[in-house]
Amino acid sequence: MGQKLKITGWIAAGAIAGALTTVSLQTVARGAMAPLPLEELQQLAAVFGMVKTDYVEPVDEKKLISDAIAGMVASLDPHSQYFDKKSFKEFREGTTGRFVGVGIEITQEDGLVKVVSPIEGSPAFRAGLKPNDLITKIDDTAVKGLALNDAVKKMRGEPNTKVSLTIFRKDENRSFPVTITREEIRTQSVRAKVIEPGYAWIRLSQFQDRTVEDFAAKLTDIYKQEPKLKGLVLDLRNDPGGLLDAAVAVSAAFLPENVTVVSTNGQLADSKFTYKAAPEFYQRRGSDPLASLPAALKTVPLIVLVNEGSASASEIVAGALQDYKRGTIMGSQTFGKGSVQTVRPLGPDTGLKLTTARYYTPSGKSIQAKGIVPDVMVDDTEDGNPFGSLRMREADLEKHLNSGQGEEKKDEAREKAREEARKLLEAEALKPVADRKPPPEFGSEKDFQLVQAIKQLKGLPVLVSKTMTERKEEKKEN
């Protein structure tokens, strides 16, 4: 049972990243408030008093109130959240793409931390860390069995402080210590390269503060290499979302000027809004970051790769491009997070992230708990998509907001498919490490979906999935 929980948790960990919110940063408070429910507030005060005086040991009053606020907000939906001082700082780091650490992209392998890639120019890069290095100790703490988030926290810290990492380099069969001085890291949310003459790939891993500028710069570089580009792959797989205006800008790069990209609707007047493909809807500083892009980008044949980890802002982009038939959407059905969270500071160090609206594609479709269904469904690998049913989506999250467009229906066959996939994954986990098939890196020569996307651009036959079908919304239990 323990092994099953561990495996299921591993699958969930990657999918939960897909729940990262599309956020609209605002400081506007609601002008009018309804009368407060006096009786319930008196009851809350009474409970607070009883806990304060009767609990087995003294409790911190401020923590009680903070926990009460957090519980109230968390009961709404999976994406609303109260930020205390620590979590507010972490949230702001996530949207700016800046944090203090050693500068590595990581994953887990056999209970250890695996280096996917050192960020170019970072302390880890300068210290000589390489892809596939395994971190076995962080200072005096053994990594084996440590949660990935806990490992990240141990490697982060204050600027100019040191952290000691013990590295196992498999291809050299040796372990060695590395002492790294932490510094502010700027993450790269955009990667790009020319796959072959005439065809290029650009990947967005998250929609951050600098994503649009980096996106424009990478595309400019691509066109310098390939002035007569024949086809482009926009890779949004496992992109959990981020800033709404960044999603509008990326959509605008490919769409005609002033067309609707996305609309939002909620209770407040300022939550009812239509975002269009024009600079005033995404420009935040200086000149228009898209102004220098070649006009050919508006018409270049385009494939958009998505999967169950594509959420929120990435679904806005995919939905807009699909509605205007500007590109072919390929991969698997997206996460289905079609809600907007507004972040409002409550003080200098605390804040509230509150779901204030659903968002809709240009044709008026709600993505919430549904997601974007690809035009062409393609499996993760040439061997199929055996673990796809284990990946969590918005509809699997407790207290998820429904689409607002029709009743959700329960898919009874899904649990059966999940149980079969769990057994298959457990069997895979028991194999020797050398016999397992790790997923290929996105953008590599072994990236099956990217290979199929290039074939689609060339008009060649594509190996379409024979098993994937559209997943309908599931009925929520009352």
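Rules of the game
Residues numbered from 1 in each chain as written. Predicted model: local features only at pLDDT ≥ 70, side-chain atom pairs only at ≥ 80, totals over all residues. Heavy atoms only, no water. Helix = DSSP H or I, 4+ residues; strand = E, 2+ residues; numbered from the N terminus. Buried < 20%, exposed > 50% of the residue type's maximum accessible area, 1.4 Å probe, protein only. Contact = heavy atoms within 4.5 Å. Areas by Shrake-Rupley, 256 points an atom, 1.4 Å probe, with all protein chains shown as cover. Axes fitted to C-alpha atoms, helices over the stretch in contact; angles between N-to-C directions. Parallel < 35°, antiparallel > 145°, perpendicular 65-115°, else oblique. Left-handed = near helix turned anticlockwise from the far one by under 90°. Nonpolar A, V, L, I, M, F, W, Y, C, P; charged D, E, K, R; others polar. pLDDT = per-residue confidence, 0-100. Pairing = 2+ DSSP bridges.

Quick word on the overall build of the protein chain
- Per the secondary structure count, the protein chain includes eleven helices and 20 strands.
- The 478 residues of the protein chain split such that 46% are buried.
- Looking at the protein chain alone, contacts between residues at least 24 apart form 72% of all its contacts between residues at least 6 apart.
- Of the roughly 24700 Å² that the protein chain leaves accessible, carbon and sulfur atoms contribute 55%.

Considering helix α11 (residues 448-458)
- Those residues of α11 not exposed but buried are Phe448, Gln449, Leu450, Gln452, Ala453, Ile454 and Leu457.
- On the buried face of α11, the contacting elements are β11 (190-196), β12 (199-204), β13 (231-235), β16 (302-306) and β17 (328-331).
- In the segment just after α11, glycine 459 is the residue with positive phi, at about 80°.

A word on the packing of helix α8 (residues 244-254) against helix α9 (residues 313-323)
- Two elements in contact, α8 and α9, have axes whose closest approach is 9 Å; the angle formed by their N-to-C orientations is 25°. By the angle between their directions, the pair α8 and α9 is classed as roughly parallel. Between α8 and α9 the crossing geometry is right-handed. Residues Leu244, Ala247, Val250, Ser251 and Phe254 of α8 touch α9, and the partners they reach there are Ala313, Ile316, Val317, Ala320 and Leu321.
- The residue makeup of the contact of α8 with α9, split by class, is nine nonpolar, one polar and no charged.

Quick word on the confidence of the model for the protein chain
- Taken as a whole, the protein chain shows an average pLDDT of 85; of its residues, 84% reach a score of 70 or greater.
- Scored below 50 in pLDDT, residues 26-31 makes eleven contacts in the model with residues more than four places away or belonging to other chains.

A short note on the pairing of strand β18 (residues 339-345)
- Along β18, six of the seven residues are buried, which leaves the element largely enclosed by surrounding structure.
- Two strands pair when backbone bridges link them, and β18 and strand β19 (residues 351-360) are joined in this way by seven bridges, in the antiparallel orientation. Looking across to β19, one finds that threonine 342 is bridged to leucine 354.
- Where β18 folds back onto β19 in an antiparallel hairpin, the turn is made up of five residues.

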